[in-house]
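Fold and geometry: a report
Chain by chain, the residues:
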Amino acid sequence: MPTNRPGTADDIAEPPTRIPVAVHAGDPILREGAIAQLSRFPGLELRDESAGGPGTVALLIGDALDQSTLTRLRGLVRGEGARAVLVVGALRESELLDVIECGVGAIVWRHEATAPRLEQAVLAVARGDGDLPADLLGRLISQVGNLHRNISGRPGLSTSSGLTPRESDVLRLVAEGLDTAEIAAKMAYSERTVKNVIHGLTTRLHLRNRAHAVAYALREGHI
């Protein structure tokens, strides 16, 4: 029976996969600054902004969210299959759900956009996790809570979403900011089970990522 011998190709480990990242910014100084910050991390592969597509993390930077940025986000996520990180100076309440529902997986405030913070957001999105600032998550919970109360008070409208108790429990922990490993430990599941639960509900309900799933569950009153 053949055996692997030292020095053969079988003994050579495959190099780790680098995460492709494309930085988008209207201001070239902002774009070059973000590229300089991210280039120090060997696990990230910086690409030209025209080289998008599935598997690419698109990092969009702006002072505020305007219609062109929102349209660009939708095109990158829905049209090209990219995963999006939004770096923005401010968001109005009316823009918050639009950003989440168009497919943004992570949001970073401009004043917090250090190199480690940007890497953290990119890695989270690449894993399929969400990454929202704590203050923004609180605003999201408040906003969808208000929406839920308004919907509940209108006759003839149903808030049933078909989430199982396990799906609701997992999303509740996602909303609290826990990552896959922490959710698995909390619920005594394997990480694969947690990923399967989230993948199953996002696929069934046509949700784009974890942040969108949390917004949906909050809107429907399940968490």
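Located above this text is the structure these notes cover.
It should be emphasised that the depicted structure is a prediction, and the values quoted were computed from it without experimental measurement. (Residues numbered from 1 in each chain as written. Predicted model: local features only at pLDDT ≥ 70, side-chain atom pairs only at ≥ 80, totals over all residues. Heavy atoms only, no water.)

It is worth spelling out the layout of surface pockets at this point. Taken as a whole, the largest pocket spans an internal volume of roughly 510 Å³. Contributing to the lining of the largest pocket are 21 residues, with Arg83, Gly128, Arg208, Asn209 and Arg210 lying nearest its centre. Breaking the lining of the largest pocket down by element, the ones donating at least two residues are β4 (83–90), α4 (115–127) and α8 (191–204). Of the residues forming the lining of the largest pocket, the biggest block, 5 residues, is contributed by α8. Residue classes in the lining of the largest pocket are distributed as 7 nonpolar, 8 polar and 6 charged. (1 Å grid on protein atoms, 1.4 Å probe; cavity = no way out; pocket = protein on both sides within 12 Å on 5 of 7 lines; lining within 4 Å. Points joined across faces, edges and corners; volume = space filled by probe spheres on them. Helix = DSSP H or I, 4+ residues; strand = E, 2+ residues; numbered from the N terminus. Nonpolar A, V, L, I, M, F, W, Y, C, P; charged D, E, K, R; others polar.)

What follows deals with the packing of helix α6 (residues 165–175) against α8. At a minimum axis distance of 10 Å, the contact between α6 and α8 shows a crossing angle of 105 degrees. When the axis of α6 is compared with that of α8, the two are roughly perpendicular. Contacts between α6 and α8 pair Arg166, Glu167, Val170, Leu171 and Val174 from the former with Thr193, Val194, Val197, Ile198, Leu201 and Arg204 from the latter. Its residues assigned to classes, the contact of α6 with α8 comprises 7 nonpolar, 1 polar and 3 charged. (Axes fitted to C-alpha atoms, helices over the stretch in contact; angles between N-to-C directions. Parallel < 35°, antiparallel > 145°, perpendicular 65-115°, else oblique. Contact = heavy atoms within 4.5 Å.)

Membership of the largest hydrophobic core comes to 23 residues, with the highest contact counts inside it found for Leu65, Leu73, Leu86, Leu91, Val99, Val104 and Ile107. Secondary structure elements with two or more residues in this core: β3 (57–64), α2 (67–79), β4, α3 (93–101), β5 (104–109) and α9 (210–219). Filtering out sequence-adjacent residues up to four positions away, Val104 remains in contact with Leu73, Ala84, Leu86, Val99, Asn209 and Ala211. Counting 22 residues, the second-largest nonpolar core is a separate cluster that includes Leu44, Ile61, Val85 and Ala121. (Core = buried A, V, L, I, M, F, W, Y, C linked by side-chain atoms within 4.5 Å. Buried < 20%, exposed > 50% of the residue type's maximum accessible area, 1.4 Å probe, protein only.)

Quick look at the side chain of Arg117 now. Checked against the element boundaries, Arg117 lands in helix α4. Arg117 gets classed as buried once you look at its relative accessible area, which sits at 14%. The residues contacting Arg117, other than those within four sequence positions of it, are Ile107, Val108, Glu112 and Asp131.

Tallied over the full model, the rule gives 8 salt bridges. The shortest N-O distance in the salt bridge between Arg31 and Glu49 comes to 3.9 Å. On the criterion of sequence distance, the pair formed by Arg31 in helix α1 (residues 28–38) and Glu49 in the loop between β2 (44–47) and β3 is long-range, its members being 18 residues apart. Its salt-bridge partner being Arg204, residue Glu167 comes within 2.9 Å of it at the nearest N-O pair. (Salt bridge = Lys/Arg side-chain N within 4 Å of Asp/Glu carboxyl O.)

Between the first and last C-alpha of α4 there are 18 Å, a value that for 13 residues agrees with the 18 Å anticipated at 1.5 Å per step. Among all positions in α4, only Ala115, Arg117, Leu118, Ala121, Val122, Ala124 and Val125 are buried. Where α4 is buried, its residues meet β1 (19–25), α1, β2, β3, β4 and β5. Positive phi shows up at Gly128, right after α4, with a value of about 95 degrees. (Expected span 1.5 Å × (residues − 1).)

Right, let's talk about the pairing of β2 for a bit. Strand direction decides the pairing type here: β1 and β2, joined by 4 bridges, are parallel. The residue bridging Pro20 from the neighbouring strand is Glu45, located in β2. What joins β1 to β2 is α1, and the crossover it makes is right-handed. (Pairing = 2+ DSSP bridges. Right-handed = clockwise from strand over helix to strand, strands pointing away.)

This part covers the sheet that holds β1. Strand order in the open sheet made by the 5 strands is β2-β1-β3-β4-β5, with parallel pairing throughout. Strands with a single pairing partner mark the edges of an open sheet, and in this sheet they are β2 and β5. In this sheet, adjacent strand axes meet at a mean angle of 25 degrees when their direction is disregarded. Relative to β4, β3 is paired through 7 bridges, and the arrangement is parallel. Bridge assignment links Ala58 to a residue of β4, and that residue is Ala84. α2 contacts β1, β3, β4 and β5 of the sheet and is inclined by roughly 175 degrees relative to β3.

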